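Each chain, letter by letter, is given below.
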Amino acid sequence: MDLNLEDKVFLVTAATSGFGLAAAGMLLAEGACVVISSPTRHSVDNAAARLGQLGRTVGIAADSADPAAADRLITAALTHFGRLDGVLLSIGEPPTGPLTAVSDQQWRSSFESGFLSTVRLARTAAPVLPAGGAIGLVLSPGRLRSGLAIVVEMLAEEFDPQGVRVNGFIAGRCGTSDGFARAATFVLSPAASYFTGNVITIDGGDGRGHLAGVF
């Protein structure tokens with residue numbers, strides 16, 4: 001199947017390892033260009049080298065929790081490639097342990113890096129995306145997932161008039177990076193043009209029987 005991604009441009013955050021790196025590689029393999037980000041320059045440079053195709057890969061050191069990061073990343077895509085067709089946003093890990101043991105600061109940090117940064121990047125990217133553009137949110141299993149799943153639905157409705165699609169991905173620990181990358185690349189592509197407002201579980205069936213707890 002031709003996913004019609006030739007020369008399309010995507011921003012992929014948290015793209016120096018795991019699901020993000022695999023998705024960036026799959027987008028490149030389908031002919032797209034990518035802007036990848038991570039908080040440290042060393043990790044971004046290493047990931048860009050691993051991906052290869054340096055003319056179609058740009059690495060930006062940026063912490064998504066930084067309020068200035070969204071504008072920097074979107075500007076980088078427009079500066080290097082002249083366009084932006086989609087974004088794949090990974091959130092930070094939620095606080096772990098018993099609720100009574102999680103401090104206020106841990107909650108604030110998790111909300112900033114996981115929830116607020118994702119919404120900020122999505123709302124910053126949406127105005128520059130063309131009709132047919134796509135936003136994907138990678139939702140970590142855990143305490144912030146339910147809220148972001150609702151955000152996926154709300155953003156999909158809000159951006160629908162301009163033709164921008166929004167979908168979420170719940171990537172379970174037993175899922176493979178390649179399996180996630182294939183699914184995410186398809187959903188971000190024009191081949192999935194009628195697909196929006198969904199949260200897709202990619203975990204090899206591990207979550208069966210637990211989906212009621214998501215919402």
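Predicted model, so just to flag it, every value in this text is computed and none were measured. (Residues numbered from 1 in each chain as written. Predicted model: local features only at pLDDT ≥ 70, side-chain atom pairs only at ≥ 80, totals over all residues. Heavy atoms only, no water.)

Describing unusual backbone geometry
Phi is mostly negative for residues that are not glycine, and the peptide bonds are mostly trans.
Here's step 1: Non-glycine residue asparagine 4 carries a positive phi angle of around 60 degrees.
Here's step 2: Mapped onto the elements, asparagine 4 comes out in the segment before β1 (9-12).
Here's step 3: Its relative accessible area of 43% is what places asparagine 4 among the partly exposed residues.
Here's step 4: The backbone of aspartate 7 sits at a positive phi, close to 65 degrees, despite the residue not being glycine.
Here's step 5: With respect to the helices and strands, the residue aspartate 7 is situated in the segment before β1.
Here's step 6: Aspartate 7 sits in the partly exposed class, given a relative accessible area of 47%. (Helix = DSSP H or I, 4+ residues; strand = E, 2+ residues; numbered from the N terminus. Buried < 20%, exposed > 50% of the residue type's maximum accessible area, 1.4 Å probe, protein only.)

Topic: the sheet that holds strand β3 (residues 57-61)
Within a sheet, each strand pairs with its neighbour through backbone hydrogen bonds, oriented either parallel or antiparallel.
Here's step 1: Spatial ordering of the open sheet is given by β3-β2-β1-β4-β5-β6-β7, a layout of seven strands whose pairing is parallel. Edge positions in the sheet fall to β3 and β7 (199-202), since each of these pairs with one other strand and no more. For this sheet, the mean inter-axis angle between neighbouring strands, taken without regard to orientation, is 20 degrees.
Here's step 2: When β1 meets strand β4 (residues 86-90), the two strands line up parallel, connected through three bridges. Paired with valine 12 across the bridge in β4 is leucine 88.
Here's step 3: Where helix α2 (residues 41-51) meets the sheet, it contacts β2 (33-38) and β3, and its direction lies at approximately 170 degrees from that of β3.
Here's step 4: Along the sheet, helix α4 (residues 104-125) makes contact with β1, β4 and β5 (134-139), crossing β4 at roughly 175 degrees. (Pairing = 2+ DSSP bridges. Axes fitted to C-alpha atoms, helices over the stretch in contact; angles between N-to-C directions. Contact = heavy atoms within 4.5 Å.)

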